[in-house]
Amino acid sequence: MNQTQFIEALENQKVIPVIVLEELEDAIPTANALLKGGISFMEITFRTDCAKEAIACVSKEVSEICVGAGTILNVEDAKRAVEAGASFIVTPGYSKEVVMWCKENDIAVLPGVATPTEIMYAIQDKCNPIKLFPVEELGGPRYCKTMHSVFPALTFIPSGGINDSNYEAYLNTPGIVAVGGSWFASRAMIQQKQFEEITKHAKQISKK
Ligand code: 3PG
């Protein structure tokens, strides 16, 4: 997926579920639970041993889901994720090397930033949108509003600490097209195999 397709898809979707999978067997049920709930994006984080295989399974078996890789820290992992079938790459902090590799290979990339200085690095490398992380610790919607007033040409996707009580405030903040988060498909919910609960919760969010 290239950057333009990624932006278009995000504008429709409004939410990127950040998924931490401990067990490979939970990958397909989680993807299907999200899909049934009206969400066709899934960021599988490279924080667990089965992440690469999980991306491979979902990309092969649940074609309606756009699966990407999160918590990518270096080019090597970006390559492994894309080989497995990841359609987009998300990083928690700013890595010029990962951004450039994605651009050279026409892979959508959502780099994480926290400060105005990092945002300026992202601008120099022509990144848009960018992920503001960890947004609740940074100051929440007020911080996003301030960053939007300084960098009005940028689109932000905040993540980190977003939940049922605050995600609408983020989506109503100028400059924000979508939010990222694990709150409606958390590591604990997946471990407890609460797939129906995930679908129910996803439906409430995707209807907004
Ligand atoms: C991310 O990588 O975007 C975050 O881990 C998501 O944060 P959350 O678990 O607080 O939603």
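Keep in mind it's a predicted model, so treat the numbers as computed, not measured.

A.B. asks: Could you give an account of the nonpolar core, naming the residues involved and the relevant values?
C.D. replies: Judged by nonpolar contacts, the single largest core of 61 residues is most densely connected at Leu34, Ile44, Val58, Ile89, Ile119, Phe156 and Phe184. Among the elements that take part in this core, helix α3 (residues 51–61) stands out by supplying five residues, more than any other. In this view, valine 58 contacts Ala27, Ile28, Ala31, Met42, Ile44, Ser63, Ile65 and Val67; residues no more than four positions away in its chain are not counted. One finds Phe6, Leu10, Leu110 and Ala178 within the second-largest nonpolar core, a separate group that totals 12 residues.

A.B. asks: Explain the sheet that holds strand β7 (residues 130–132) residue by residue, including any values.
C.D. replies: Strand order in the open sheet formed by three strands is β6-β7-β8, with parallel pairing between adjacent strands. Edge positions in the open sheet fall to β6 (112–113) and β8 (156–158), since each of these has one partner strand only.

A.B. asks: Tell me what's going on with the site of the ligand, and back it up with residues and numbers.
C.D. replies: Residues in close proximity to the ligand include Val18, Arg47, Lys131, Phe133, Ser159, Gly160, Gly161, Gly181 and Ser182, which together make up its full environment. A distance of 2.7 Å separates an oxygen atom of the ligand from a polar side-chain atom of arginine 47. Residue lysine 131 places a side-chain N or O atom 2.7 Å away from an oxygen atom belonging to the ligand. Protein chains bury 80% of the 310 Å² of accessible surface belonging to the ligand in isolation. Here the residues of the shell around the ligand sort into two nonpolar, five polar and two charged.

A.B. asks: Describe the packing of aromatic side chains, listing the residues and the values that go with them.
C.D. replies: Each aromatic ring pair is characterised by the separation of its centres together with the angle its planes make. Within the structure shown, the criterion is met by five aromatic pairs. Here tryptophan 183 and phenylalanine 184 contribute two aromatic rings whose centre-to-centre distance is 4.9 Å and whose plane-to-plane angle is 80 degrees, an arrangement assigned as edge-to-face. Like phenylalanine 184, tryptophan 183 is buried. Here the aromatic cluster, defined as three or more aromatic residues joined through ring pairs, consists of Phe6, Phe41 and Phe88.

A.B. asks: Describe helix α5 (residues 96–104), with residues and values.
C.D. replies: Among the residues making up α5, those that are buried are Val98, Val99, Trp101 and Cys102. Considered in projection along α5, the buried side chains sweep an arc of 165 degrees and stay on one side of the axis. In α5, the exposed residues that point more than 90 degrees away from the buried face are Glu97 and Glu104. Of the residues trailing α5, aspartate 106 is marked for its positive phi of about 55 degrees.

A.B. asks: Tell me what's going on with the pairing of strand β2 (residues 41–45), and back it up with residues and numbers.
C.D. replies: Most of β2 is tucked away, with five of its five residues classed as buried. Residues of β2 alternate between two faces, with Phe41, Glu43 and Thr45 on one and Met42 and Ile44 on the opposite face, all of them buried. Two strands pair when backbone bridges link them, and strand β1 (residues 15–19) and β2 are joined in this way by two bridges, in the parallel orientation. Each residue of the ladder has a partner; that of isoleucine 19, found in β2, is isoleucine 44. Traced from β1 through helix α2 (residues 27–36) to β2, the parallel crossover comes out right-handed.

Conventions and cut-offs
Residues numbered from 1 in each chain as written. Predicted model: local features only at pLDDT ≥ 70, side-chain atom pairs only at ≥ 80, totals over all residues. Heavy atoms only, no water. Core = buried A, V, L, I, M, F, W, Y, C linked by side-chain atoms within 4.5 Å. Buried < 20%, exposed > 50% of the residue type's maximum accessible area, 1.4 Å probe, protein only. Helix = DSSP H or I, 4+ residues; strand = E, 2+ residues; numbered from the N terminus. Contact = heavy atoms within 4.5 Å. Pairing = 2+ DSSP bridges. Near = heavy atom within 4 Å. Polar contact = N/O pair within 3.5 Å; in protein donor to acceptor, adjacent residues only side chain to side chain. Areas by Shrake-Rupley, 256 points an atom, 1.4 Å probe, with all protein chains shown as cover. Nonpolar A, V, L, I, M, F, W, Y, C, P; charged D, E, K, R; others polar. Phe/Tyr/Trp six-rings, centres within 6.5 Å; stacked < 30°, edge-to-face > 60°. Arc of directions from axis to C-beta. Right-handed = clockwise from strand over helix to strand, strands pointing away.

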